[in-house]
Amino acid sequence: MLSPGEEVVRFDDVTFSYMMGEKPVLSNINLSIKEGTITAIIGPTGAGKSTLLKLLNGIVPKVTGGKLEGRVIVNGLDTKTNSIPELARHVAIVLEDPSVQIFMLSVEDEVAFGPSNLGLPKEEIMKRLKFALESTGLMKFGMRNPNELSGGEQQLLAIAGALAMKPKILALDEPLSMLDPIGKRQVLQVIKELVNRRETTMIITESGADISMISDIIDRAIILHNGKIIADGDPRTIFSSNILTQIGVRRPQVVEVSLELRKYYQNFPICLSVKELANNLRNVVKHFGTSGSSQRAVKSTKRKSIISVENLHFVYPGGVHALRGVSLDVPENTLVGLIGQNGSGKTTLALNLVGLLKPTNNDAKIIVDGVDVIKSDVHEVIKHINYVFQNPDHQIFNDTVEEEIAYGLKNLGLRDDEVRERMDDAIEFFELEAYRKAYPLTLPRHLRKRVAIASIYAMKPKILIIDEPTTGLDTRETRRLINKILEYVKHGNTVIIITHDIETIAEYADYLIVMNNGKVLLTGRPEEVFSEYSTLKEADILPPQVTQVCRELNLGSTIISVSHMINFIRKSCTEGGSHGLS
Amino acid sequence: MAFLEYRKRDTLIHNLHPISKVTIFLALIVIVGLYWDFKYLLLTCIVSAILYFLAKVPRSWLKPIITILLVSLPLQLWLAVLQTNPELYVVYPREVVATEVFVINLGFLGRVGITYGNMLWLLGWVLKWIAILFVVSVFTYSTSPLEIAHLMLLLRLPQLLTYTYIVAMRFIPYLQRVYREIMSIQRLRGWKRPSKINVKKWFESLPPIMKPFLSRTFLLSEEVSTAAQMRAFGSGKITPLIEHRIPLRDLIISALSMIAMVLAIIALVIYKVGLI
């Protein structure tokens, strides 16, 4: 076990730009990280977090190219004068997407890949292999093909591969962002165990979506914005300031609630975990009222169904029974959240709804906006319902944003003037005016995502399914996109969001569908769904932090967002008077 | 399961060391490739069928095998009817191979038709296909990409070749998924797969699929190469981890396969065995 002491990372006035003459991605970075510490680099998308990590092992600029000024010293080695393989002995980086950093054909080969590249003796490699597999709980997978592992297991494998290098510094670039709730939990558990052992110095980057999961394990938070360090300190101080909100990164829900409580109770601590907040609330608030009156006004879900599915089964050619008799009704003019683990059947259901897949049983029924999807051709179905896939780069192929949006419209056989009109409307609606003539693939990710959604929006389907719209977006961009979606719903449409972002969907959705093992586990208003704590546990779905706090405190009603929790606390504190606050 | 896809099973063939499987595969493919005489090819077909049975290759694979044979038959027939010249045949008696069943003169195309000679050639060609399809089926069904990768490492083949193979095997299924997803995405934007008969339209329909696919492929190769370098790939002193010991049974099988292949080549070159 290491104790914080010796400096293992130092940035001396580092400025870096990818291309000569371009605006620097990182500017005047001065940073020192001590051995055995856990540091989070927090910032919105495009802040320079990944570049900063890749400077540690020389990938930037040795592989990427670019101009580096200043010095980066890692474990005493100058990254400018040491080779990437040499630096790889000291620092290991785990990337955001586990699927692209695993290249061997078995778990053991994958973990041994790094050490064998270092030319270590076979006995040492076997020792490291055992250590890395044990540390990540992957021992049982031995010769299994990584393609057969889940997202979380693949990320653990990437971490195991990094640990096998026995690095002084382990850098994790948004390690949870692409995982489903189970995957996040698996990876987080391993990270926590590694943190507890303090055998390595850890650096974790985060853009906001999973900040609540890492907030209680880090020793230090560094805030990076537009390539500059704008704050650096212990997490409680940093999270309690306004700095995160100013740069568009969400604060953990427990911090938001702690800050609100401080208005009533000056010494209330800034809490970083559910347990901590619940314990402190118990100490200071003797009695909570009922939360019912503080709940947000929700649209009635007793509406006409726009989607009706009965007994839908789907078996893939390989034999995987992905949907097992799904029956559901989706109310019209609502924002619907479709949640569940990877492999629970969400995507297969969506593909059946748009007619790209057809049920494998004869008695299934899928009626969407009055159209029998099973009997209709995809080209007819897409006039009523459409689907935006997760990765915008799998969709975009045109040379300008305008052409990209017009493509689907032309295929619908619309007149030129109508194509123009709808295209202009989509560009205006999604605030893409400045990028009309831009080459869409070179735009930042959040804009590419907007282009992808805009091009389907322009086809004016009454129902729009969007797969993981907020993945990879910082909090500000997430809010902006969700507001657009809400506006679309306001115009009489229905949007189904497939997501793992529980906090966002709990806050904005009118209706939730929870899937597990190819079946619909729960449906209803978010308050109703999140009150089914034990049923959700079956699907390994953890409700938002504020809901967990309610449960810890045994409150009768279910609170699902920070604003509701704050209203509730205000009410308890003001109404309660002496019985509210001690 | 898909045709020509590996499946982990406990069969005699699956349990062989990959070196045995590769040598058997190599020997049979070389013999089948060089020999034309139906007697020997029939023997290789029988051997391949036995291996097919021992490896417990699914019966459902016979359907694509038969389909491939039937689809390739018109081409084989066309090639066969062109080979009426008896001088093409060096082993069977001239009077036999020159016997004509039906031959016509097509001017610049020469004499076209059916002779005993080209019937022997066609029979050999069909048997070659049957043997090859059986052998390839057995090999792909019983040998995992991982076994091949380990064998390449064991044989100390060039690092770049070995890792290119490994990365290809790892990412081919991934890219297949990406390709299918891109097709689905564009279908939802009204893209239609045109008839291949209309070549112009067929080419025009490619960009919505191929542009995102190629872009993803290039990006992936860059990401993979970066990830490999981050784990010291290319430092030039890899420690091989593969077990060098090959079981005696597999050494014998490999040796016998190699001997059979060498003898077959010698017999062919010196004594024209296997030719027609």
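Structure: above.
Cut-offs applied
Residues numbered from 1 in each chain as written. Chains lettered and ligands numbered in written order. Predicted model: local features only at pLDDT ≥ 70, side-chain atom pairs only at ≥ 80, totals over all residues. Heavy atoms only, no water. Helix = DSSP H or I, 4+ residues; strand = E, 2+ residues; numbered from the N terminus. Rg over C-alpha atoms; globule rule 2.2 N^0.38 Å. Contact = heavy atoms within 4.5 Å. Areas by Shrake-Rupley, 256 points an atom, 1.4 Å probe, with all protein chains shown as cover. Salt bridge = Lys/Arg side-chain N within 4 Å of Asp/Glu carboxyl O. Buried < 20%, exposed > 50% of the residue type's maximum accessible area, 1.4 Å probe, protein only. Pairing = 2+ DSSP bridges. Buried area = accessible area lost by both parts, 1.4 Å probe. Axes fitted to C-alpha atoms, helices over the stretch in contact; angles between N-to-C directions. Expected span 1.5 Å × (residues − 1). Parallel < 35°, antiparallel > 145°, perpendicular 65-115°, else oblique. Left-handed = near helix turned anticlockwise from the far one by under 90°. Nonpolar A, V, L, I, M, F, W, Y, C, P; charged D, E, K, R; others polar. Phe/Tyr/Trp six-rings, centres within 6.5 Å; stacked < 30°, edge-to-face > 60°. Lys NZ or Arg CZ within 6 Å of the ring centre and 35° of its normal.

**Q** Explain the overall build of chain A residue by residue, including any values.
**A** The number of helices and strands found in chain A is 23 helices and 20 strands. In terms of overall size, chain A behaves like a compact globule, its C-alpha atoms giving a radius of gyration of 25 Å where 582 residues would be expected to give roughly 25 Å. Taken along the three principal axes of its C-alpha coordinates, chain A extends 70 × 65 × 50 Å. Long-range contacts, defined as pairs at least 24 residues apart, comprise 68% of the intrachain contacts of chain A with a sequence gap of at least 6. For chain A, the accessible surface area stands at approximately 22000 Å², while carbon and sulfur atoms represent 48% of it.

**Q** Lay out the pattern of salt bridges with the relevant residues and their values.
**A** A side chain with one charge may pair with a side chain of the opposite charge, provided their charged atoms come close. Residues and elements named next belong to chain A. Here the structure, examined in full by the defined rule, presents 50 salt bridges over all chains. Among the ionic pairs, Glu260 bridges to Lys263, the shortest N-O distance being 3.0 Å. Remark: Lys263 and Glu260 occur in helix H11 (residues 253-264); sequence separation between them is three residues, near one turn of the helix. By relative accessible area, Lys263 is classed as exposed at 61%.

**Q** A description of the pairing of strand E6 (residues 91-94) of chain A should follow, citing residues and the corresponding values.
**A** Residue and element names in this part refer to chain A. Here E6 shows a buried face lined by Val91 and Ile93 and a second buried face lined by Ala92 and Val94. Relative to strand E7 (residues 169-173), E6 runs parallel, the two being bridged by four bridges. Within E7, the residue paired with Ala92 across the bridge is Leu170.

**Q** Explain the side chain of A:His379 to me, and be specific about the residues and the numbers.
**A** Checked against the element boundaries, A:His379 lands in helix H14 (residues 378-381). The buried category is assigned to A:His379, whose relative accessible area is 18%.

**Q** Hey, could you go over the interface of chain B and chain A for me, with residue numbers and the actual values?
**A** One widely used convention gives an interface's size as the accessible area the parts lose upon coming together. Taken together, the contact pairs 47 residues of chain B with 57 residues of chain A. Of the roughly 4800 Å² buried between chain B and chain A on both sides combined, carbon and sulfur atoms contribute 62%. Of all residues in chain B, the largest losses of buried area upon contact with chain A belong to B:Leu188, B:Arg189 and B:Arg231, amounting jointly to 21% of the total for that side. At the surface where chain B touches chain A, the tally comes to three salt bridges.

**Q** With reference to specific residues and values, describe unusual backbone geometry.
**A** All names here are of chain A. The step from Val60 to Pro61 runs through a cis peptide bond, and the omega angle for that step is 5°. Within the secondary structure, Pro61 is located in helix H2 (residues 59-62). Unlike most non-glycine residues, Asp13 shows phi in positive territory, near 45°. Among the structural elements, Asp13 can be located in strand E1 (residues 7-17).

**Q** Describe the sheet that holds E1(A), and please don't skip the residues or the numbers.
**A** Residues and elements named next belong to chain A. A sheet is described by the order of its strands in space; here four strands give the open sequence E2-E1-E4-E5, paired in antiparallel fashion. Only two strands of the sheet have a single neighbouring strand rather than two, namely strand E2 (26-34) and strand E5 (77-78). Relative to strand E4 (residues 67-74), E1 runs antiparallel, the two sharing seven bridges. Residue pairing across strands places Arg10 opposite Ile73, the latter belonging to E4. Against the sheet, helix H1 (residues 49-56) engages E1, E2 and E4, with an angle of about 120° to E1.

**Q** Give a description of the environment of A:Thr245 that names residues and reports values.
**A** Residue and element names in this part refer to chain A. Residue position: Thr245 is located in helix H10 (residues 243-246). A relative accessible area of 43% places Thr245 in the partly exposed class. The spatial distance from the C-alpha of Thr245 to the C-alpha of Thr475 is 8.8 Å, given a sequence separation of 230 residues. Apart from the residues lying within four places of it in its own chain, the contact partners of Thr245 are Arg251 and Arg476.

**Q** Break down helix H2 (residues 38-54) of chain B for me, citing the residues and quoting the values.
**A** Residue and element names in this part refer to chain B. For H2, built from 17 residues, the straight-helix expectation of 24 Å at 1.5 Å per residue is met to within 8% by its first-to-last C-alpha distance of 24 Å. Residues of H2 that are buried make contact with helix H1 (18-34), helix H3 (62-81) and helix H5 (116-142). A positive backbone phi angle near 55° is found at Lys56, which sits one or two residues after H2.

**Q** Describe the packing of helix H12 (residues 274-284) of chain A against helix H22 (residues 545-552) of chain A, naming the residues involved and giving the relevant values.
**A** The relative placement of two packed helices comes down to the angle between their axes together with the axis-to-axis distance. All names here are of chain A. Axis separation between H12 and H22 bottoms out at 9 Å; the angle between their running directions is 45°. Considering their axes alone, H12 and H22 lie oblique with respect to each other. When you trace H12 past H22, the crossing you get is right-handed. Only Gln545, Gln548, Val549 and Glu552 of H22 make contact with H12, whose side of the interface consists of Val274, Lys275, Leu277, Ala278, Leu281 and Arg282. Along the lines of polarity and charge, the residues of the contact of H12 with H22 split into five nonpolar, two polar and three charged.

**Q** So what's going on with the packing of aromatic side chains? Residues and values would help.
**A** All chains considered together, the criterion is met by 23 aromatic pairs over all chains. Measuring from ring centre to ring centre gives 4.9 Å for A:Phe103 and A:Phe113, while their planes differ by 70°; the resulting arrangement is edge-to-face. Of this pair, A:Phe103 sits in the loop between E6 and helix H4 (107-117) while A:Phe113 is found in helix H4, placing the two residues ten residues apart along the sequence. You can call A:Phe103 buried: its relative accessible area is 2%. Take A:Phe113: its relative accessible area is 3%, and that puts it in the buried class. Plain terms: the ring middles of B:Tyr163 and B:Phe233 are 4.9 Å apart, the flat faces sit at 65° to each other, and that makes the pair edge-to-face. Taken as a pair, B:Tyr163 in helix H7 (residues 159-187) and B:Phe233 in the loop between helix H9 (207-230) and helix H10 (248-271) lie far apart in primary sequence, 70 residues in all. In this arrangement the basic side chain of B:Arg170 is found over the ring face of B:Phe171, its NZ or CZ atom lying 4.8 Å from the centre.

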